[in-house]
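Residue-level listing of the chains:
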Amino acid sequence: METLHEWDRLHQIHPWAAMDAYQGYDNMLVDTADGIYLWDGNGKRFLDGPGGMWCVQIGYGRDEMADAIAEQVRKLPYTSPFTNTTEPSAVLAKKLAEMAPGDLNNVFFTTGGSTAVDTALRTMHFMNNRLGRKNKKIVIAREKGYHGSTYLAHSVTGKERDKTRFDTESRLVRFLPDVNPYNRPDGKSVEDWCDEKVGDLERMIEEVGAENVGAFIAEPILSSGGVIVPPPGYHKRTFDLCRKHDILYISDEVVTGFGRLGHWFCSEEVFGIQPDMITCAKGLTSGYLPLGACIISDRVMERCSSPDEPVLFSNGFTYSGHPVSCVAALKNIEIMERERILEHVREVTPHFQDRLQQLRKFPIVGDARGMGLLGCIEGKGRNLEEERELGNMIDEACEELGLLVRPLINMAVFSPPLVITLEQIDDMFDILETALANVTRKLG
């Protein structure tokens, strides 16, 4: 096992590696997994609080997923999506169109969430060029929003506390201030905070000029920003503003899609909007294989159409509509439907959220927030250094007790596999309570 760690340290660059110590990591060697649990190389079991990376909806170790994937590999592992189609990609496209709200009937398959976001933004560029609106390209995004690591997706990502040396296309984007109700001034109601946050978008559109704004991109819940749930009414009011000014509304459901809030997509079912585009990935295959999609409305496609000139939609990937990944998605959806996993999420969510709120009793916890099977605890710190230390302490205390969480500076977030039972929810929060008690005691 030590040899594997050494090879990993010397040769593998991990996502979000700190460049002052990128060869000094001692990442957990995960050996096996089953259900909601992982085992490391020493045989220690961990409850997978983050659900992989917000994605392992149906849990690990599903033999029928492995069988479906293997069968498709033997039958047809790959064919060019530029000139061919396959049964899995055609069936999956139809299925996603049926799941998506309103007139979102057009599916462009990508390799993951970042490339789905890139596709959405490029579609906006294409549409406005087609309509002769060559200046209507600016994207309005939100501070603490996360949309991916490719150049376009990273450019509209608002992780303001991440120190980076990467370039972004700053001419393309304008960021709105933090929407987190936890950070509202003392004495300000949630309703007044919502008014202010909607006003932020209205003022930004006025400042930039509606004729220059092409799209507003928003996660229903800002997941990597710390499971930030905007105030009630925010989504519908910002959607209405976009409609008023002919600005495309892109709903980034890479995390919230496929059951995380108890619905296939939450834009309409939970927040009452029918966006122009939805991006998705992660839970689409439960992480068994990489796949993403940009689902586009008929309204947008009609405006992109080019009946009077032969213009190509020059966007695509070698692995668009990959037949094996599409089979994995179809089997994943079949399992979720057969086992009524969406209904299960809605049934266990009240208990999950109740246990989450009970963590507020610890003095080191400033906020506990979430929705569906998404949760976050935010620790109190006087400065960034203190916050990082506190986050690391909580992470280490949980790991020692057999629970994995995802540390984000002073926050710990969790999105366990959707098949988690009530008893396992209690196990998870019992460990969290013990870990927080241990950290509180260490800090005096």
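On a predicted model such as this, the values are computed, not experimentally measured, just so you know.

Looking only at helices and strands, the chain has 14 helices and 15 strands in total. Computed over C-alpha atoms, the radius of gyration of the chain comes to 22 Å, within 12% of the 22 Å expected from 2.2 N^0.38 for 444 residues, which places it in the range of a compact globule. Among the 444 residues that make up the chain, the fraction classed as buried is 54%. Relative to all contacts within the chain whose residues are 6 or more apart in sequence, the contacts with residues 24 or more apart total 72%. Considering the chain, the positive charge centre built from 48 side chains and the negative charge centre built from 66 side chains are found 4 Å apart.

What follows is about the pairing of strand β8 (residues 248–252). Across the 5 residues of β8, 5 count as buried, placing the element largely inside the fold. Where the polypeptide runs from strand β7 (residues 213–218) across helix α8 (residues 234–244) and back to β8, its parallel neighbour, the crossover connection is right-handed. Inspection of the sheet shows β8 paired to strand β9 (residues 277–280) by 3 bridges, in the parallel sense. Each bridged residue has a counterpart across the sheet, and for serine 251 the counterpart in β9 is isoleucine 278.

Moving on, we come to the pattern of salt bridges. Summed over all chains, the structure comprises 33 salt bridges. Its salt-bridge partner being glutamate 343, residue arginine 340 comes within 3.7 Å of it at the nearest N-O pair. In this structure, the salt-bridge partner of arginine 355 is aspartate 426, at a minimum N-O distance of 2.8 Å. Within this pair, whereas arginine 355 is found in helix α12 (residues 341–357), its partner aspartate 426 is found in helix α14 (residues 422–442), the two being separated by 71 residues in sequence. Residue aspartate 426 is classed as partly exposed on the basis of its relative accessible area of 24%. One salt-bridge network, held together by shared partners, links Arg62, Glu64, Lys331, Glu334, Arg338 and Glu339.

At their nearest, the axes of helix α13 (residues 384–400) and α14 sit 9 Å apart, and the two run at 130° to each other. The pairing of α13 with α14 is recorded here as oblique in orientation. Regarding α13 and α14, the two cross each other, and that crossing is right-handed. Here Leu390, Met393, Ile394, Ala397 and Cys398 of α13 come into contact with α14, specifically with Ile431, Leu432, Ala435, Leu436, Val439 and Lys442.

Below, the discussion takes up the side chain of histidine 147. Following the sequence through the fold, histidine 147 ends up in the loop between β5 (138–142) and α6 (151–155). There is a polar contact of 2.7 Å between the side chain of histidine 147 and the side chain of aspartate 252. Among all residues touching histidine 147, those that are not within four sequence positions of it are Gly113, Ser114, Val117, Ala153, Val156, Thr157, Ile217, Ala218, Glu219 and Asp252.

In this fold, glutamate 219 is placed in the loop between β7 and α8. Residue classification places glutamate 219 among the buried positions, given a relative accessible area of 6%. Here the alpha-carbon distance between glutamate 219 and glutamate 253, two residues 34 residues apart in the chain, equals 6.2 Å. Setting aside anything within four residues of it in sequence, one finds glutamate 219 in contact with Arg142, Lys144, Gly145, Tyr146, His147, Ser224, His235 and Asp252. One polar contact links the side chain of glutamate 219 to the main-chain amide nitrogen of tyrosine 146, over a distance of 3.0 Å.

Its identity as a non-glycine residue notwithstanding, tryptophan 16 has a phi of 60°, on the positive side. Inspection of the secondary structure assignment puts tryptophan 16 in the loop between α1 (2–11) and β1 (30–34). In this model, aspartate 246 sits at a positive phi of 55°, which is unusual for a non-glycine residue. Position of aspartate 246 relative to the elements: it lies in the loop between α8 and β8.

With respect to the element layout, leucine 121 can be found in helix α5 (residues 113–130). For the pair leucine 121 and glutamate 6, spaced 115 residues apart in sequence, the C-alpha separation works out to 40 Å.

Scanning the entire structure with this criterion turns up 1 cavity of 30 Å³ or more. Its volume calculated, the largest cavity comes out at about 30 Å³. Around the largest cavity, the lining residues are Ala218, Glu219, Pro220, His235, Tyr249, Ser251, Ser267, Phe271 and Ile273. Counted by class, the lining of the largest cavity contains 5 nonpolar, 3 polar and 1 charged residues.

Our next topic: the sheet that holds strand β13 (residues 403–404). A sheet is described by the order of its strands in space; here 4 strands give the open sequence β1-β2-β3-β13, paired in mixed fashion. Unpaired on one side and paired on the other, β1 and β13 mark the two borders of the sheet. One ladder, built from 3 bridges, connects strand β2 (residues 37–40) with strand β3 (residues 45–48); its direction is antiparallel. Looking at β3, one finds that tryptophan 39 is bridged to arginine 45.

Here phenylalanine 258 is to be found in the loop between β8 and α9 (266–269). You can call phenylalanine 258 buried: its relative accessible area is 0%. For the pair phenylalanine 258 and lysine 137, spaced 121 residues apart in sequence, the C-alpha separation works out to 30 Å.

This paragraph deals with the sheet that holds strand β15 (residues 411–414). The 4 strands are arranged β11-β12-β15-β14 in an open sheet whose pairing can be described as antiparallel. Where the open sheet ends on each side, the last strands, each with one partner, are β11 (365–371) and β14 (406–408). The sheet shows a mean angle of 20° between the axes of neighbouring strands, taken without regard to direction. Bridge analysis of β14 against β15 gives 3 bridges, and the strand direction is antiparallel. Following the sheet pairing, arginine 406 is matched in β15 by valine 413. Packing of α14 onto the sheet brings it into contact with β11, β12 (374–379) and β15, and relative to β15 it is tilted by some 170°.

Conventions and cut-offs
Residue numbering note: each chain is counted from 1, following its sequence as written. Totals for whole chains, interfaces and linings use every residue, but because this is a predicted model, local features are given only for residues with pLDDT of at least 70 and side-chain atom pairs only at 80 or more, for both listing and counting. In computing side-chain properties, one takes all heavy atoms of the structure into account and sets aside hydrogens as well as water. Secondary structure elements follow DSSP: runs of H or I no shorter than four residues count as helices, runs of E no shorter than two count as strands, and numbering proceeds from the N terminus. It is over C-alpha atoms that the radius of gyration is taken, and the globule rule equals 2.2 Å times the number of residues to the power 0.38. A 1.4 Å probe rolled over the protein chains alone gives each residue an accessible area, and that area as a share of the maximum for its type sets the label: buried under 20%, exposed over 50%, partly exposed in between. By definition, residues are in contact when any of their heavy atoms lie within 4.5 Å. Positive charges come from Lys and Arg alone, negative charges from Asp and Glu alone, with His and the N- and C-terminal ends not counted. Where a charge sits is defined by one atom per residue type, namely NZ (Lys), CZ (Arg), CG (Asp) or CD (Glu). Note on handedness: a crossover is taken as right-handed if, strands pointing away from the viewer, the path from the first strand over the helix to the second is clockwise. Each pair of strands is called paired provided DSSP finds at least two bridges between the two strands. We count a salt bridge whenever a side-chain nitrogen from Lys or Arg sits within 4 Å of a carboxyl oxygen from Asp or Glu. Axis definition: a line fit to C-alpha positions, over the contact stretch in the case of helices; interaxial angles, taken between N-to-C directions, run 0 to 180 degrees. Note on terminology: angles under 35 degrees are roughly parallel, angles over 145 are roughly antiparallel, angles of 65 to 115 are roughly perpendicular, and the others are oblique. A clockwise turn of the near helix away from the far one marks a right-handed crossing, whereas an anticlockwise turn of less than a right angle marks a left-handed crossing. In the analysis that follows, any N or O atom pair within 3.5 Å is treated as a polar contact, provided that within protein one partner can donate a hydrogen and the other can accept it, and provided that, for residues neighboring in sequence, both atoms belong to side chains. Grid points spaced at 1 Å over the protein atoms alone were grouped into cavities, where a 1.4 Å probe fits but cannot get out, and pockets, open sets with protein on both sides within 12 Å along at least five of seven lines, with lining residues defined by an atom within 4 Å of a point. Grid points are joined across faces, edges and corners, and a volume is the space filled by probe spheres set on the points. Gly falls in the polar group here, along with every residue not listed as nonpolar (Ala, Val, Leu, Ile, Met, Phe, Trp, Tyr, Cys, Pro) or charged (Asp, Glu, Lys, Arg).

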